[in-house]
Amino acid sequence: MRAHPAGPRHGEILAPAGAPPPPADAEALHALTEGVWPIGARRSDGGGLTPRSVSIAGVDVRDLAAEFGTPLFVLDEADFRSRAAAFRAAYDDTQVPGDVFYAGKAFLSATVARWVEQEGLNLDVCTGGELLTAVRAGFPAERIAFHGNNKSVAEIELALRHGVGRYVLDSFEEIARLAAAAERAGVVADVLVRVTVGVEAHTHEFIATAHEDQKFGLSLAGGAAEEAVRRIVKLPSLRLVGLHSHIGSQIFDTAGFEVSAHRLVALAARVRDEHGLEVDELDLGGGMGIAYLEDEDPMSPRDMAELLRGIVVRECAAYGLAVPRIAVEPGRAIVGPSMVTVYEVGTVKPVDLGSGHTRHYVSVDGGMSDNIRTALYDAEYTVRLVSRFSAADPVLSRVVGSHCESGDIVVRDCWLPGDLAPGDLLAVAATGAYCRAMSSNYNAVPRPAVVAVRDGSTQVVLRRETPEDLLALDAGLTP
Ligand code: LLP
């Protein structure tokens, strides 16, 4: 079991030998590698006159920090739209038509929901809150898929009232709950069964067996998925449109998707044999990996789509099935690299690691409340000094937050210029997915704003919370 970063592991300070190698030169220490950083991120060449700060979509980070404060999530609209469009194009195939559902859990706001709609994508929501955000933004409900492993009656009724397009059902209770609610509403709801295919994949490895021991889905091996289909086909207020599987997160190795597609097609064939019903759609879920670090090399949406189509076509031919539509649900792969977090440095504390090595603890004005991923998953990030260029030698550094907890680490091991000082701005790349979305008010810290940038102009996507916003919830304080 992994030790909590605030616990035993904290005492065992990483030897410099285990840290990433130092950058080759000052340019490498300041590089904004394509794929890790948004397409609009540029460092000015300076010409010896400016501090060579970074701009995103033509807006200098120093101006963003001055106008909107820090920490600040900066969202490159063109980057987001181009990733969404690339997914749309990758699944726009005349032989095997496909649909892309943007997974709103990664990051959702009304503005983003509108971009998703304009780029021709559908939307995956997994709570009533995400659903309300989308419908209030004017997102067409028929293009929404409602996920989640414990949809309440109230959430189901909300979805039915708005005419949500499809429901991905995760338990026998949900089947009964949705069927009853749809009947009361006098409608027939389109549903997919979330199948636990026995594959779990994350980043570089995948395991295909025995991943039944988790809360999501209806087991294929245990027969629950087939039993779910049996129940659904008997219910006049439900219509089975497809089978769904989601195998994990931050996946680079496509083998897991292949096994999953193989198993879903085999199940579709059994459904056809037992019920005389061919499903319209196979949804292979999300989880496509992104580059958090410079040496990570994710597969392009187009290559991935071709691979998935190939597998589904082959497998369907083997069973004599008509090829269904393919759906995917990327969240991270669309919004992740589009956003960076800008922090202001508050303190720099050199800590002697012994054997002649020093680590700089660089405290920034945010932390685990705006990025819990490092503490929760040992996530790794790329960080840069963005308010200026420094010729100082790099020092092994750790970017930490302002929370009262030693596990409050934003970037565990990185190299930063040795002359970093209070007031400098740092940016952490690829924080678009699951950072603002998983943010908290720990230590009564208001959550940061999200500002979109495009062609030199800015648009507030989510305003910064204020201390008054938080105090307003405290019933013990009189207004
Ligand atoms: N579809 C389903 C059914 C999912 O459960 C998820 C993610 C997605 C799509 C989107 O996955 P993506 O393409 O964004 O990887 N908080 C974790 C990730 C949790 C993902 C949960 N489900 C993290 O920060 O890495």
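Here the structure is a predicted model, which means the values were calculated and not measured. (Residues numbered from 1 in each chain as written. Predicted model: local features only at pLDDT ≥ 70, side-chain atom pairs only at ≥ 80, totals over all residues. Heavy atoms only, no water.)

**Structural notes on the overall build of the chain**
Put simply, the rule reads: Strands here mean DSSP runs of E at least two residues long; helices mean DSSP runs of H or I at least four residues long; both are numbered from the N terminus. To get the radius of gyration, use the C-alpha atoms; to get the globule rule, take the number of residues to the power 0.38 and multiply by 2.2 Å. For the accessible areas, the method is Shrake-Rupley and the probe is 1.4 Å, while residue cover comes only from the protein chains on display. His is not counted, nor are the chain ends, whereas Lys and Arg count as positive and Asp and Glu as negative. Just so you know, the charge point we use is NZ for Lys, CZ for Arg, CG for Asp and CD for Glu.
When you go through the chain residue by residue, the secondary structure sums to 14 helices and 24 strands. For 479 residues, the compact-globule formula gives about 23 Å, and the C-alpha radius of gyration of the chain, at 24 Å, lands near that figure. Accessible area for the chain stands at about 19,800 Å²; split by element, carbon and sulfur atoms hold 53% of it. A gap of 3 Å separates the mean positions of the 44 positive and 65 negative side-chain charges of the chain.

**Details of the site of the ligand**
Stated precisely, the cut-off is as follows: Whether a residue is near a molecule or strand is decided by its heavy atoms; if any one of them lies within 4 Å of it, the residue is near. As used in this structure description, the phrase polar contact means that two N or O atoms lie within 3.5 Å; if the pair is within protein, one of them must be able to donate a hydrogen and the other to accept it, and residues adjacent in sequence are counted only when both atoms belong to side chains. Lining residues are those with an atom within 4 Å of a point, where the points come from a 1 Å grid over the protein atoms alone and group into cavities, where a 1.4 Å probe fits but cannot get out, or pockets, open sets with protein on both sides within 12 Å along at least five of seven lines. Occupancy of a cavity or pocket is assigned to a molecule whenever over half of its atoms lie within 2 Å of that pocket's grid points. The residue classification treats Ala, Val, Leu, Ile, Met, Phe, Trp, Tyr, Cys and Pro as nonpolar and Asp, Glu, Lys and Arg as charged. All others, Gly included, are polar. For every domain, the bounds stem from an assignment made automatically or drawn from a database.
Around the ligand lies a shell of 18 residues, among which Gly287, Glu329, Arg373, Tyr377 and Tyr434 are the nearest. The backbone of glycine 287 places a nitrogen or oxygen atom 2.8 Å from an oxygen atom of the ligand. Measuring from an oxygen atom of the ligand, one finds a backbone N or O atom of glycine 331 at 3.0 Å. Relative to its unbound accessible surface of 580 Å², the ligand loses 88% to contact with the protein. Among the cavities detected, the one that contains the ligand is the largest pocket. Taken together, the residues that form the shell around the ligand break down as five nonpolar, seven polar and six charged. Both domains that furnish three or more residues to the shell around the ligand are identified here as domain 1 (26-69 + 338-471) and domain 2 (77-335).

**So, the pattern of salt bridges**
Counted only if it meets this: Take a side-chain nitrogen of Lys or Arg and a carboxyl oxygen of Asp or Glu: if they are within 4 Å of each other, that pair is a salt bridge. Only protein chains enter the calculation, and the probe is 1.4 Å; a residue is then buried if its accessible area is under 20% of its type maximum, exposed if over 50%, and partly exposed in between.
Applying the stated criterion across every chain yields a total of 30 salt bridges. Among the ionic pairs, arginine 143 bridges to glutamate 117, the shortest N-O distance being 3.1 Å. Taken together, the residues span a long stretch of sequence, with arginine 143 in the loop between helix 6 (128-136) and strand 7 (144-146) and glutamate 117 in helix 5 (residues 110-118) at a distance of 26 residues. Residue glutamate 117 is classed as partly exposed on the basis of its relative accessible area of 29%.

**Quick look at the pairing of strand 17 (residues 339-354)**
Looking along a regular strand, one sees side chains alternate from face to face of the sheet. Basically, it comes down to this: Strands pair, by our definition, only if DSSP identifies at least two bridges between them.
Pairing of strand 4 (residues 72-76) with strand 17, which is carried by four bridges, proceeds in the antiparallel orientation. From the neighbouring strand, leucine 75 faces strand 17, where its bridge partner is methionine 339. Here strand 17 runs beside strand 22 (residues 425-428); their pairing, made up of four bridges, is antiparallel. Note that in strand 22 the partner of threonine 341 across the bridge is valine 428. For strand 17 and strand 18 (residues 357-364), the ladder comprises eight bridges, and the chain directions are antiparallel. Bridged to valine 348 within strand 18 is valine 362.

**Notes on the sheet that holds strand 1 (residues 41-43)**
In spatial order, the strands read 1-2-3; together these three strands make up an open sheet with antiparallel pairing. Edge strands, defined here as strands with exactly one partner in the open sheet, are strand 1 and strand 3 (59-60). As judged from the three bridges shared by strand 1 and strand 2 (residues 54-56), these two strands associate in the antiparallel manner. Paired with arginine 42 across the strands is serine 55, a residue of strand 2.

**Considering the nonpolar core**
Rules: We call a set of buried residues a nonpolar core when its members are Ala, Val, Leu, Ile, Met, Phe, Trp, Tyr or Cys and they connect through side-chain atoms within 4.5 Å of each other.
If you look at the biggest cluster of nonpolar residues, it comprises 109 residues, and the most contacted ones within it are Tyr91, Tyr102, Tyr167, Leu243 and Leu426. Residue contributions to this core peak at eight residues, all from helix 10 (residues 255-275). Here this core spans two domains, and each of domain 1 (26-69 + 338-471) and domain 2 (77-335) adds at least three residues to it.

**Structural notes on the layout of surface pockets**
To keep things clear, this is the line we draw: Grid points are joined across faces, edges and corners, and a volume is the space filled by probe spheres set on the points.
Considered as a void within the structure, the largest pocket measures approximately 1,100 Å³ in volume. Lining the largest pocket are 46 residues, with His202, His246, Gly248, Ser249 and Arg332 sitting closest to its centre. Counting only elements with at least two residues in the lining of the largest pocket, the list comes to strand 9 (189-196), strand 10 (199-203), strand 14 (248-251), helix 12 (332-335) and helix 13 (373-377). Considering every element that reaches the lining of the largest pocket, the biggest residue donor is strand 10, with four residues. For the lining of the largest pocket, the class distribution of residues is 16 nonpolar, 19 polar and eleven charged. If you count residues domain by domain, the lining of the largest pocket takes at least three from each of domain 1 (26-69 + 338-471) and domain 2 (77-335).

**A short note on helix 11 (residues 301-319)**
Quick reminder of the rule: Expected helix span is given by 1.5 Å per residue-to-residue step, counting one fewer step than there are residues. The arc in question is traced by the directions running from the helix axis to the C-beta atoms. Between two residues, a contact is recorded if the distance between any of their heavy atoms is within 4.5 Å.
Between its terminal C-alpha atoms helix 11 stretches 27 Å, which fits the 27 Å expected from 19 residues at 1.5 Å a residue. Considered for burial, the residues of helix 11 that qualify are Met304, Ala305, Leu308, Arg309, Ile311, Val312, Glu315 and Cys316. Down the axis of helix 11, the sector holding all buried residues measures 165°, keeping them to one side. Those residues of helix 11 that are exposed and angled more than 90 degrees off the buried face are Arg314, Ala317 and Ala318. Of the surrounding secondary structure, the elements contacted by the buried residues of helix 11 are helix 4 (77-90), helix 10, strand 15 (281-283) and strand 16 (325-328). A positive phi of about 65° marks glycine 320, the residue just after helix 11.

**As for the side chain of arginine 436**
The topology assignment puts arginine 436 in the loop between strand 22 and strand 23 (449-454). One buried charged residue, arginine 436, remains without a salt bridge, the closest side chain of opposite sign being glutamate 465 at 5.2 Å.

**Considerations on the domain arrangement of the chain**
For clarity, the cut-off: When two parts are brought into contact, each loses some accessible area as probed by a 1.4 Å sphere; the total of that loss over both is the buried area.
As assigned here, the chain comprises domain 1 (26-69 + 338-471) and domain 2 (77-335). Once you take the C-alpha centre of each, domain 1 and domain 2 turn out to be 33 Å apart. Looking only at domain 1, the three residues that lose the most surface to domain 2 are Ile39, Ser338 and Tyr434, adding up to 26% of its buried area. Of the charged contacts in the structure, one is a salt bridge between glutamate 294 and arginine 384, with a shortest N-O distance of 2.9 Å. Counting across the interface, domain 1 meets domain 2 through eleven residue pairs in polar contact (both at pLDDT 80 or more). Counting residues per element, the ones that place at least two in the side of domain 1 that touches domain 2 are strand 23 and strand 24 (457-462). A per-element tally of the side of domain 1 that touches domain 2 places strand 23 first, with four residues. Its residues assigned to classes, the side of domain 1 that touches domain 2 shows 16 nonpolar, six polar and five charged.

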